[in-house]
2 protein chains.
Amino acid sequence: MGSYYLDDKTVHYQWDSRIAPRVVIDSGETVTLDCRDAADGHYGPHRSAEDMAAPRVSRGHPLTGPVYVRGAEPGDSLAIEILAFEHKGWGWTRCSDRGGLLPGEFGTLLKLWELQDGYTEFKPGIRIPLEPFCGIMGVAPAGDEPLATMPPRSAGGNMDIRHLVAGSTLFLPVYVPGGLFSAGDCHGAQGDGEVCITGIEAPMAVTLRISLRKGYTIPGPQFVTPSPLTKTDTRGYFATTGIEPDLLEATRQAIRHMVEHLVQERGLTREEAYLLCSVAVDLKVSEVVDAPNWIVSAYLPLSIFVG
Amino acid sequence: MGSYYLDDKTVHYQWDSRIAPRVVIDSGETVTLDCRDAADGHYGPHRSAEDMAAPRVSRGHPLTGPVYVRGAEPGDSLAIEILAFEHKGWGWTRCSDRGGLLPGEFGTLLKLWELQDGYTEFKPGIRIPLEPFCGIMGVAPAGDEPLATMPPRSAGGNMDIRHLVAGSTLFLPVYVPGGLFSAGDCHGAQGDGEVCITGIEAPMAVTLRISLRKGYTIPGPQFVTPSPLTKTDTRGYFATTGIEPDLLEATRQAIRHMVEHLVQERGLTREEAYLLCSVAVDLKVSEVVDAPNWIVSAYLPLSIFVG
């Protein structure tokens, strides 16, 4: 079985079945995709504060690929085994008054992270374990119109599912010949929800084994992920609730309450609290049947508070 | 410090600040509340199939309490340490074409469970670990109107938060003098979401230590729960996704896809699959920021498949 390497010099910024594949592989072969960060290098330790504060025009997420899998046809699916990640020592997280779960409620804050061996420090006393994954893994959607990278679709894409870590396997439908798989938007860590719109955004190389499941049709992304679900589940959780007749508003309330808690009890600024929620707090749908009020709960792992 | 016992002979079916307390305790004292099951004895091994199939008129969940905590006043909060549960050997789960996350999509199925020491069997080869909690813990809301037990509120109530197991602590606001705490609706196990509208419903006695947090105001229920979050996180998970611009519809899609998977891959009937989702599958908000599509994922623990 062959293994291939795609550098991060050539990227694409849209999903488009007409983009020529960078590599053609057989089912079961391995590819290493070197991926730029989501903001295409705008933030990072190599940039001045002035440059990073300048407006950024996004063309979309830079994606590495596509990978063409021989024999893949619409109606098949791919099994993508996530084997390994290699980060480059740094990452960033940013909130602003636009985007995210709570637009208009926070100012701008940019955090640059130094990625250590297995963890990264938010500030003294708060350490986030690294649990890297690709925010974006997807195949080319059907049709020959270019599509934006922001929304996830049944073809996968910008799913930001934090449990797609090394050791997990993602299953994706195939919509065009070869599948045309690409990846990018790697995260060093992220909570379920990614509430401020960024996790620990970081350039990384990801190594994957891609296999064809001939004739096995699935309606959208599915995956298998190993136990334990997270490295943070060691010292319990503090949780807040959102109780509302609308599930999105319940989600917002749970995070607002968590931000209040982090400000009052942990001495963070509101923006620091929002960022910390995005990289470390997990949103769960506690109940969605006790009409008319649903509950979304936000879980803060206590293991991130050290010393 | 005193400890008190309230039997399940006297219950109340609404939240109402005018219901006289059954016991008055000091902060830090312990109460054991014997709780009827959510359907007030309509289902169970003591009942004939004919009786259980007869229409049931619900007066509300039967609740044990209220407990008056001396000195509790509006603006304070209570810390409820959940110490222990004792089940009575049986439980039930039921779906129908009404209620739940997917009304109109399933027929009726009633499952009676024999609760063993630490687990219960769904059918040969599928075992659910018991992780008991109270579906309902709450205090009397402000005002003097009786309120239905179905919706949860900032006063708590029918929250169905599966991680309120023994070893966790629930924090609730106080809205009326004494707080007037009651509990009921115990579950032997449940997935995050409780999608078919019932968990493993079971009569249980729950032992709690209730402490007053004088002057500590909170906006709604909060809690601390120990690690690991669940006994099921031992052999990984299979997960489906719902990718939709509406968070509730994303939730529905994730469960529909999981039901399809359980029918195709595990040989369950659709109703069995729906029930299994309700008692064992966890719903997570994977991302709620990649406009216009949010992702809710449904996690099936593989550890429940034995032998």
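Conventions used here
Residues numbered from 1 in each chain as written. Chains lettered and ligands numbered in written order. Predicted model: local features only at pLDDT ≥ 70, side-chain atom pairs only at ≥ 80, totals over all residues. Heavy atoms only, no water. Helix = DSSP H or I, 4+ residues; strand = E, 2+ residues; numbered from the N terminus. Buried < 20%, exposed > 50% of the residue type's maximum accessible area, 1.4 Å probe, protein only. Contact = heavy atoms within 4.5 Å. Areas by Shrake-Rupley, 256 points an atom, 1.4 Å probe, with all protein chains shown as cover. Axes fitted to C-alpha atoms, helices over the stretch in contact; angles between N-to-C directions. Parallel < 35°, antiparallel > 145°, perpendicular 65-115°, else oblique. Nonpolar A, V, L, I, M, F, W, Y, C, P; charged D, E, K, R; others polar. Phe/Tyr/Trp six-rings, centres within 6.5 Å; stacked < 30°, edge-to-face > 60°. Domains from an automatic or database assignment. Salt bridge = Lys/Arg side-chain N within 4 Å of Asp/Glu carboxyl O. Polar contact = N/O pair within 3.5 Å; in protein donor to acceptor, adjacent residues only side chain to side chain. Buried area = accessible area lost by both parts, 1.4 Å probe.

**Describing the overall build of chain A**
Link 1 in the chain: When helices and strands are counted, chain A shows 3 helices and 18 strands.
Link 2 in the chain: Overall size of chain A, expressed as C-alpha extent along the three principal axes, is 55 × 50 × 35 Å.
Link 3 in the chain: Across the 307 residues that make up chain A, the buried fraction comes to 62%.
Link 4 in the chain: Within chain A, contacts between residues separated by at least 24 positions form 77% of all contacts whose residues are at least 6 apart in sequence.
Link 5 in the chain: Approximately 10,700 Å² of chain A is accessible, and the part contributed by carbon and sulfur atoms is 51%.

**Side note on unusual backbone geometry**
Link 1 in the chain: Here the amide bond leading from Ser227 of chain A into Pro228 of chain A is cis, since omega sits at -10 degrees, within 30 degrees of zero.
Link 2 in the chain: Of note, Pro228 of chain A is situated in the loop between strand 15 (222-225) and strand 16 (237-244).
Link 3 in the chain: Omega for the peptide link from Ala291 of chain A to Pro292 of chain A comes to 0 degrees, which places this bond in the cis form.
Link 4 in the chain: Assignment of secondary structure puts Pro292 of chain A in the loop between strand 17 (282-287) and strand 18 (294-301).
Link 5 in the chain: Phi at Asp40 of chain A takes a positive value of approximately 60 degrees, unusual for a residue other than glycine.
Link 6 in the chain: By secondary structure assignment, the location of Asp40 of chain A is in the loop between strand 3 (29-35) and helix 1 (49-53).
Link 7 in the chain: Among the residues examined, Asp40 of chain A registers a relative accessible area of 28% and is labelled partly exposed.
Link 8 in the chain: Although it is not a glycine, Glu194 of chain B sits at a positive phi angle of roughly 50 degrees.
Link 9 in the chain: Along the chain, the position of Glu194 of chain B falls in the loop between strand 13 (179-187) and strand 14 (204-213).
Link 10 in the chain: A relative accessible area of 2% means that Glu194 of chain B is categorised as buried.

**Some thoughts on the environment of Ala140 of chain B**
Residue and element names in this part refer to chain B.
Link 1 in the chain: The topology assignment puts Ala140 in the loop between strand 10 (133-139) and strand 11 (156-158).
Link 2 in the chain: Note on Ala140: relative accessible area 2%, which makes it buried.
Link 3 in the chain: If sequence neighbours within four positions are ignored, Ala140 has contacts with Trp15, Asp16, Ser17, Tyr175, Val176, Gly179 and Leu180.

**Observations regarding the packing of helix 2 (residues 247-266) of chain A against helix 2 (residues 247-266) of chain B**
Two numbers describe a pair of packed helices, the interaxial angle and the distance between the axes.
Link 1 in the chain: Look at helix 2 of chain A against helix 2 of chain B: their axes get within 7 Å of each other, and the N-to-C directions meet at 105 degrees. Accordingly, the angle class assigned to the pair helix 2 of chain A and helix 2 of chain B is roughly perpendicular. Here Leu247, Leu248 and Thr251 of chain A of helix 2 of chain A come into contact with helix 2 of chain B, specifically with Leu247, Leu248 and Thr251 of chain B.
Link 2 in the chain: Partitioning the contact of helix 2 of chain A with helix 2 of chain B into residue classes produces 4 nonpolar, 2 polar and no charged.

**Brief notes about the packing of aromatic side chains**
Link 1 in the chain: A complete count under the given rule lists 10 aromatic pairs over all chains for this structure.
Link 2 in the chain: Geometrically, the ring pair formed by Phe106 of chain B and Tyr274 of chain B is stacked, given 3.9 Å between the ring centres and 10 degrees between the ring planes. With Phe106 of chain B in the loop between strand 6 (90-95) and strand 7 (109-114) and Tyr274 of chain B in helix 3 (residues 270-280), this pair connects stretches of sequence that are 168 residues apart.
Link 3 in the chain: For Phe106 of chain B, a relative accessible area of 5% translates into the label buried.
Link 4 in the chain: In this structure Tyr274 of chain B comes out as buried when scored by relative accessible area, which is 0%.
Link 5 in the chain: Aromatic side chains Tyr237 of chain B and Tyr299 of chain B sit 6.0 Å apart centroid to centroid with 70 degrees between the ring planes, which places their arrangement in the edge-to-face category. Placement of the pair is Tyr237 of chain B in strand 16 (residues 237-244) and Tyr299 of chain B in strand 18 (residues 294-301), with a sequence separation of 62 residues.
Link 6 in the chain: The class for Tyr237 of chain B is buried, based on a relative accessible area of 0%.
Link 7 in the chain: Tyr299 of chain B gets classed as buried once you look at its relative accessible area, which sits at 0%.
Link 8 in the chain: An aromatic cluster is present here, built from Phe223 of chain A together with Tyr237 and Tyr299 of chain B joined pairwise through their rings.

**Observations concerning the domain arrangement of chain A**
Residue and element names in this part refer to chain A.
Link 1 in the chain: Taken domain by domain, chain A consists of domain 1 (3-224) and domain 2 (237-304).
Link 2 in the chain: Distance from the C-alpha centre of domain 1 to the C-alpha centre of domain 2: 25 Å.
Link 3 in the chain: In this assembly, 33 residues from domain 1 lie in contact with 21 residues from domain 2.
Link 4 in the chain: At the boundary of domain 1 with domain 2, the tally comes to 3 salt bridges.
Link 5 in the chain: Arg256 is the salt-bridge partner of Glu105, the closest N and O atoms lying 2.8 Å from each other.
Link 6 in the chain: Taken together, the connections running from domain 1 to domain 2 amount to 18 residue pairs in polar contact (both at pLDDT 80 or more).
Link 7 in the chain: Among the elements of the structure, strand 6 (90-95), strand 7 (109-114), strand 8 (119-123) and strand 9 (126-129) are those that each provide at least two residues to the side of domain 1 that touches domain 2.
Link 8 in the chain: For the side of domain 1 that touches domain 2, the element with the most residues is strand 9, which contributes 4 residues.
Link 9 in the chain: For the side of domain 1 that touches domain 2, the residue count by class is 15 nonpolar, 10 polar and 8 charged.

**Quick look at the environment of Thr120 of chain B**
All names here are of chain B.
Link 1 in the chain: Turning to its location among the elements, Thr120 is positioned in strand 8 (residues 119-123).
Link 2 in the chain: The class of Thr120 is buried, set by a relative accessible area of 0%.
Link 3 in the chain: The spatial distance from the C-alpha of Thr120 to the C-alpha of Gln264 is 24 Å, given a sequence separation of 144 residues.

**Some thoughts on the interface of chain A and chain B**
Link 1 in the chain: On the chain B side, the residues contacting the 63 residues of chain A number 63 residues.
Link 2 in the chain: When the two sides are added together, the surface that chain A and chain B hide from each other amounts to roughly 4,900 Å², 59% of it contributed by carbon and sulfur.
Link 3 in the chain: It is Val285, Val289 and Asp290 of chain A in chain A that bury the most area against chain B; as a group they hold 11% of the surface buried on that side.
Link 4 in the chain: If you look at where chain A meets chain B, you find 0 salt bridges.
Link 5 in the chain: The tally of links from chain A across to chain B stands at 32 residue pairs in polar contact (both at pLDDT 80 or more).
Link 6 in the chain: Every element with two or more residues in the side of chain A that touches chain B is listed here: strand 15, strand 16, helix 2, strand 17 and strand 18 of chain A.
Link 7 in the chain: For the side of chain A that touches chain B, the class distribution of residues is 33 nonpolar, 19 polar and 11 charged.

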